[in-house]
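Summary of structural features
Now for the letters of each chain:
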Amino acid sequence: MPTDNKKKSKPSKAEQTKPYRPNVAAIVVNNEGRIALGRKPGTPECWQFPQGGVDDGEDELKALYRELWEELGIKKSQLQVLESISGFRYDYHPDHSRAKSHAGQEQTIYHCHYSGRADRVDLTISNEFCEMLWFSPDEIRLDWFPENKRHVARQALNAFVWRKVRSIPLSEPSKLEHSFTRSMETPVTDRYIIKPGSKIDLREISTRDRALFDGSKEDSLPVFDELRNQLREEQKKLFAENKHRVLVIIQAMDTGGKDGLIKHVFSRVDPQGVEVAAFKKPTEHELAHDFLWRVHQKVPRNGMITIFNRSHYEDIIAVRVKKIYEDAVWKRRYQHVLDFERMLSEEGTKIIKLFLHISKKEQKERLVARLENPNKHWKFLPEDLEDRARWSEFESAYSHLISKTSTKFAPWHVIPADRKWYRNYSVAKLMLEQLDSLNLRFPEIDFDPTKIVVPD
């Protein structure tokens, strides 16, 4: 069985004193590709997957078959289990009848194919559901689910349905647990986000962490390849829907890998839907305006991803460390930046902020590589060494800046970047998580394509 590489987060008080109850749930898909959702009595606007607890001494698969029989009247012979994911957790509401003994439930979610007739389900065996309907994947909305279960529903639908993860038919479903169960992956956000209000010291954050991938660079390449394919598909929906805007802000020390990241992660998306804005030293014309003037012109429009290679944060970091202006200038710019990003967010822009975190040792190796390779001489600037001499000052300034400007509407993610392949993998995965949160869909058409005849 694969090793569970799920990040071990600090347990809450509930986790320290109460266990999580084992539970199984099912995404049941019928012959038409529609998914079964049930509604409990007294919850007119809440839908959920069939689910239930695992009894003491009971095998999870037996619990799955039992629950689907009791809740939907579906027989084991009508089911084919395709795949499962374990490790989903959600907490009980304090008023829940089991909240006194358990913190919540830990689920294994099974992806199943139902071969029977959609109109032959039976809700009377247990009366768990008062209504059950079959929905197409594109119809399902996360706000249909109970609030405490929405994060689980999003991740499960994303894994099995919305991202079209390949299902593996099994000739012997009983062997599923030993052969095909894959652990719930730790979201990049959970691992590398800087929570609003927290203070960080970059010296205490690893530049070589690789908790999200248990394998070598070679092992990561086919996975990264698939992530880029999925990113391409999500970007198509973003562009076609023409409803959301995505702004990716990238900051790093010199040689941090901003150019390489952009080239590798976004190499397969449609060039029509992505723009890159590189903010270098301001020109005289730009300096004649407020410091956000040149930045605001480059923010994305509907349907677009815009990537800032450096950004408005240079007008705080460089001004502070190089003492271009008096301290009062960069200090008041914090509030200007926060107001600017809040406005963008409230107007519909998804903001993804990345700090590519490299070590001083890694920077030296990259600078030396530029000097040794004639094709990279153009990338080496003498002032790079001047900035390197201020490493500690830049590190301290970035620590303060990230702490002060990581907000609920625009949080920072500090990405370990000494390993270029892991940096690329982590950011590609993060981009998919962020785009997934937008629930992107291709626009609905108002005509019947089967009735359209293209003339010769």
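Computed from a predicted model, the values in this text were never measured in an experiment.

1. Structural notes on the overall build of the protein
- Of regular secondary structure, the protein possesses 15 helices and 13 strands.
- Per-residue burial over the protein gives 50% buried out of 456 residues.
- Excluding contacts between residues fewer than 6 apart, the proportion of contacts in the protein whose partners are at least 24 apart in sequence is 79%.
- Counting every atom, the protein has about 24100 Å² of accessible surface; 49% of that belongs to carbon and sulfur.
- Looking at the protein, you have 76 positive and 70 negative side-chain charges, and the mean spots of the two groups are 4 Å apart.

2. Describing the nonpolar core
- By size, the foremost hydrophobic cluster in this structure holds 72 residues, and its most contacted members are Val246, Val248, Leu354 and Ile402.
- If one sorts the elements of this core by residue count, helix H15 (residues 420-436) sits on top with nine residues.
- One finds Ala25, Ile85, Trp144 and Phe160 within the second-largest nonpolar core, a separate group that totals 24 residues.

3. A few points about the packing of aromatic side chains
- Taken as a whole, this structure holds twelve aromatic pairs when the rule is applied.
- For the ring pair tyrosine 114 and tryptophan 134, a centre distance of 5.8 Å and an interplane angle of 5 degrees mean the geometry is stacked. Taken together, the residues span a long stretch of sequence, with tyrosine 114 in strand E5 (residues 104-114) and tryptophan 134 in strand E6 (residues 131-135) at a distance of 20 residues. With respect to class, tyrosine 114 is no different from tryptophan 134; both count as buried.
- A ring pair is formed by phenylalanine 213 and tyrosine 425, whose centres lie 5.2 Å apart and whose planes are at 65 degrees; its orientation type is edge-to-face.

4. Focus: empty space enclosed by the protein
- Tallied over the entire structure, the rule returns one cavity of 30 Å³ or more.
- A volume near 80 Å³ is recorded for the largest cavity.
- If you go around the largest cavity, the residues you meet are Ala25, Gln48, Phe49, Gln51, Tyr90, Gln107, Ile109, Phe145, Lys149, Val152 and Ala153.
- At the level of secondary structure, the elements contributing two or more residues to the lining of the largest cavity comprise E5 and helix H3 (150-162).

5. Digging into unusual backbone geometry
- Although it is not a glycine, lysine 323 adopts a positive phi angle of roughly 55 degrees.
- Within the secondary structure layout, lysine 323 lies in the loop between helix H10 (314-321) and helix H11 (327-346).
- Phi angles above zero are rare outside glycine, and asparagine 439 is one such case at about 50 degrees.
- Secondary-structure assignment places asparagine 439 in the segment after H15.

6. Quick look at the packing of H11 against helix H14 (residues 391-405)
- Viewed as axis vectors pointing N to C, H11 and H14 meet at an angle of 45 degrees, and their least axial separation amounts to 11 Å. Comparing their axes, H14 and H11 come out oblique. Classified by chirality, the crossing of H14 by H11 is right-handed. Residues Tyr334, Leu338 and Glu341 of H11 lie in contact with H14, whose contacting residues are His400, Leu401, Lys404 and Thr405.
- Of the residues in the contact of H11 with H14, the class split is three nonpolar, two polar and two charged.

7. Things to note about a nonpolar patch on the surface
- Nonpolar side chains collect at one region of the surface, where Ile445, Phe447, Ile452 and Val454 lie side by side and expose about 420 Å² of accessible area between them.
- Here isoleucine 445 shows up in the segment after H15.

8. Some words on a positive patch on the surface
- Together, Lys217, Lys263, Lys376 and Lys420 make up a positively charged patch on the protein surface.
- Looking at where lysine 420 falls in the secondary structure, it is placed in helix H15.
- A residue is classified by how much of its surface remains accessible, and lysine 420, at 44% relative accessible area, is partly exposed.

9. Focus on the confidence of the model for the protein
- Across the protein, the average pLDDT comes to 87, with 91% of residues at 70 or higher.
- Residue range residues 1-15 is modelled with pLDDT below 50. Its contacts to residues more than four positions away, or to other chains, number 21 contacts.
- Confidence drops under a pLDDT of 50 for residues 164-184, and excluding neighbours within four residues, the segment shows 56 contacts in the predicted structure.

The rules behind the values
- Residues numbered from 1 in each chain as written.
- Predicted model: local features only at pLDDT ≥ 70, side-chain atom pairs only at ≥ 80, totals over all residues.
- Heavy atoms only, no water.
- Helix = DSSP H or I, 4+ residues; strand = E, 2+ residues; numbered from the N terminus.
- Buried < 20%, exposed > 50% of the residue type's maximum accessible area, 1.4 Å probe, protein only.
- Contact = heavy atoms within 4.5 Å.
- Areas by Shrake-Rupley, 256 points an atom, 1.4 Å probe, with all protein chains shown as cover.
- Lys, Arg positive; Asp, Glu negative; His and termini not counted.
- Charge placed at Lys NZ, Arg CZ, Asp CG, Glu CD.
- Core = buried A, V, L, I, M, F, W, Y, C linked by side-chain atoms within 4.5 Å.
- Phe/Tyr/Trp six-rings, centres within 6.5 Å; stacked < 30°, edge-to-face > 60°.
- 1 Å grid on protein atoms, 1.4 Å probe; cavity = no way out; pocket = protein on both sides within 12 Å on 5 of 7 lines; lining within 4 Å.
- Points joined across faces, edges and corners; volume = space filled by probe spheres on them.
- Axes fitted to C-alpha atoms, helices over the stretch in contact; angles between N-to-C directions.
- Parallel < 35°, antiparallel > 145°, perpendicular 65-115°, else oblique.
- Left-handed = near helix turned anticlockwise from the far one by under 90°.
- Nonpolar A, V, L, I, M, F, W, Y, C, P; charged D, E, K, R; others polar.
- Patch = residues over 30% accessible without salt bridge, like charges linked within 9 Å, V, L, I, M, F, W, Y side chains within 5 Å.
- Salt bridge = Lys/Arg side-chain N within 4 Å of Asp/Glu carboxyl O.
- pLDDT = per-residue confidence, 0-100.

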